[in-house]
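Residues per chain, in single letters:
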Amino acid sequence: MYACKSHPAKVSQNDGADTIPVQTLLLKQQSNNTTMAVSGQFTTDDEVMLSFKTGGIINSLNVKEGDAVKKGQLLATLNLTEIDAQVKQASLSVEKAQRDYQRIQNLYKDSVATLEQLQNSKTALQQTQQQLNMTKYNRQYSEIHAPKDGYILRKLANAGQLVTAGAPVLQTNGAETNKWILRVGISDSEWTRLQLNDPAQIQTTAFPGQILHGVISRKSEGVDAVTGTFSADITLSGKKPKGIAAGMFGKAIITPSYTVIGGSEWQIPYEALLDGDGTTGYVFVTDDNKTAHKVKVVVAGINKSTVTISTGLENAKALIISGSAYLTDNSAIVVQSPKTASK
């Protein structure tokens with residue numbers, strides 16, 4: 001009797017039971033040759049922190065911030081009482097050593113002193129002479145002179161202050177040479193795209209409406225510990241305007257010349273990348289919104305909220321950004337509320 005009755009067909013376990021719900025992101029290639037906007041501050045490539053060779057009390061500071069200085073100009077001095085006493089002491093030691101050497105030399109001629117005594121007295125004279133040279137050298141660098149024509153950017157100490165040897169006292173630059181650069185911060189992906197001599201157009205509020213031209217002259221080889229970003233220098237080219245000051249803010253539009261394989265790149269969310277090792281990783285993509293495929297991609301850079309992919313997504317239509325942890329290659333999926341990639 002049971003066999004004669006009609007029963008509803010059983011649903012296969014694979015018909016929906018193993019289908020995994022996911023969210024996708026429609027992929028849109030972004031040309032890596034688009035311009036990039038950066039900002040930074042004007043500076044020069046010859047800034048110098050000036051200090052004393054020896055420690056002591058600052059006797060005088062003859063300049064203030066913003067002053068123009070000439071090469072060799074006396075900028076600051078220490079109280080020289082102590083160092084002058086050291087020079088005088090070393091000079092007296094040399095005079096005594098010279099007298100001792102002359103006396104031993106005469107006794108040696110009369111066969112009263114030995115050759116060893118003569119050699120020892122000569123060595124003692126040479127040692128005192130070198131000590132005198134050292135104290136004179138320290139005396140020379142107990143004064144600060146301008147290393148080149150330029151400007152005083154910062155004054156880091158004042159007269160009457162006790163400073164240690166090598167402590168910065170003044171910061172100068174060679175602005176008289178007009179070698180201004182705009183130092184900007186760049187992200188990982190921007191660092192990979194920039195090449196030396198890439199052109200840039202610079203604007204600053206100090207010269208409204210005026211476009212300055214420059215080229216990339218340096219890329220940092222490490223991340224700045226303070227800002228957490230890379231840096232690049234844009235050297236001004238062509239006619240340079242007068243009136244730029246160190247620390248002045250500027251904006252630049254850079255046109256990168258570097259082209260990645262395929263000519264495009266993709267910005268994808270962090271959560272879409274699996275098994276990344278810094279240069280490569282894996283993602284799941286779908287072409288028909290029914291089946292997931294695992295593909296290998298090359299990581300070109302890491303930004304604040306996205307990962308830059310240079311190759312691997314050329315033939316994919318949509319990227320799976322949610323539910324990837326439950327997928328394997330050729331898994332059945334059902335797409336929920338697809339999103340569109342933004343530039």
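Before reading further, recall that the structure is shown in the block above.
Keep in mind the model is a prediction, meaning the values are calculated, not measured.

**Q** Which residues make up the overall build of the protein chain, and what are the values?
**A** If you tally the helices and strands in the protein chain, you get 3 helices and 23 strands. Expressed as a percentage of contacts within the protein chain between residues at least 6 apart in sequence, the contacts between residues at least 24 apart total 74%. For the protein chain, the accessible surface area stands at approximately 20,100 Å², while carbon and sulfur atoms represent 51% of it.

**Q** Go over the pattern of salt bridges with me, naming the residues and quoting the values.
**A** Enumeration over the complete set of coordinates arrives at 8 salt bridges. Linking arginine 103 and aspartate 100 is a salt bridge whose minimum nitrogen-to-oxygen distance equals 3.0 Å. On the criterion of helical spacing, the pair formed by arginine 103 and aspartate 100 is a turn pair, its members being 3 residues apart in helix H1 (residues 81–109). Judged by its relative accessible area of 46%, arginine 103 is partly exposed. Across the salt bridge formed by arginine 183 and aspartate 233, the nearest N and O atoms sit 2.8 Å from each other.

**Q** With reference to specific residues and values, describe the pairing of strand E20 (residues 306–311).
**A** Burial analysis of E20 places 5 of its 6 residues in the buried class, which makes it a mostly covered element. Pairing between strand E19 (residues 293–302) and E20: 4 bridges, direction antiparallel. In the sheet register, valine 298 faces E20, and the bridge partner there is threonine 311.

**Q** Give me the lowdown on the environment of isoleucine 253, citing residues and values where you can.
**A** With respect to the helices and strands, the residue isoleucine 253 is situated in strand E16 (residues 249–254). We classify isoleucine 253 as partly exposed; its relative accessible area is 38%. Sequence spacing of isoleucine 253 and serine 39 is 214 residues, and the spatial spacing of their C-alpha atoms is 8.8 Å. Among residues more than four places away in sequence, those in contact with isoleucine 253 are Thr35, Met36, Ala37, Pro199, Ala200 and Gln201.

**Q** So, the sheet that holds strand E13 (residues 199–203): which residues are in play, and what are the values?
**A** The 6 strands are arranged E3-E12-E15-E14-E13-E16 in a closed barrel whose pairing can be described as antiparallel. Pairwise comparison of adjacent strand axes, ignoring direction, gives a mean angle of 40° for this sheet. Alignment of strand E14 (residues 212–219) against strand E15 (residues 230–237), held across 6 bridges, turns out to be antiparallel. In the sheet register, arginine 218 faces E15, and the bridge partner there is aspartate 233.

**Q** How would you summarise the pairing of E14 if you had to cite specific residues and measurements?
**A** Two elements, E13 and E14, share 4 bridges in a ladder whose sense is antiparallel. Residue pairing for E14: proline 199 is matched across the bridge by valine 215.

**Q** Can you lay out the environment of serine 322 for me, pointing to particular residues and giving the numbers?
**A** Among the secondary structure elements, serine 322 is positioned in strand E21 (residues 318–322). The residues touching serine 322, leaving out its near neighbours within four places in the chain, are Pro21, Val22 and Gln23.

**Q** Just give me the short version of the packing of aromatic side chains, but keep the residues and values in it.
**A** Both the distance between ring centres and the angle between the ring planes are used here to describe each pair of aromatic rings. Taken as a whole and judged by the stated rule, the model has 2 aromatic pairs. Here the aromatic rings of tyrosine 137 and tyrosine 141 are separated by 4.9 Å at their centres, their planes lie at 50°, and the arrangement is tilted. We classify tyrosine 137 as partly exposed; its relative accessible area is 42%. Residue tyrosine 141 is classed as partly exposed on the basis of its relative accessible area, which comes to 38%. The interplanar angle of 35° and the centroid separation of 5.4 Å between the aromatic rings of tryptophan 191 and phenylalanine 230 together place this pair among those described as tilted. With tryptophan 191 in helix H3 (residues 188–193) and phenylalanine 230 in strand E15, the pair connects residues that are 39 residues apart, well separated along the chain. Judged by its relative accessible area of 22%, tryptophan 191 falls in the partly exposed class. One cation-aromatic arrangement involves lysine 219 over tryptophan 191; the distance from NZ or CZ to the ring centre is 3.9 Å. The ring of tyrosine 282 has lysine 294 sitting right over it, with the charged end atom 5.0 Å from the ring centre.

Definitions and limits used
Residues numbered from 1 in each chain as written. Predicted model: local features only at pLDDT ≥ 70, side-chain atom pairs only at ≥ 80, totals over all residues. Heavy atoms only, no water. Helix = DSSP H or I, 4+ residues; strand = E, 2+ residues; numbered from the N terminus. Contact = heavy atoms within 4.5 Å. Areas by Shrake-Rupley, 256 points an atom, 1.4 Å probe, with all protein chains shown as cover. Salt bridge = Lys/Arg side-chain N within 4 Å of Asp/Glu carboxyl O. Buried < 20%, exposed > 50% of the residue type's maximum accessible area, 1.4 Å probe, protein only. Pairing = 2+ DSSP bridges. Axes fitted to C-alpha atoms, helices over the stretch in contact; angles between N-to-C directions. Phe/Tyr/Trp six-rings, centres within 6.5 Å; stacked < 30°, edge-to-face > 60°. Lys NZ or Arg CZ within 6 Å of the ring centre and 35° of its normal.

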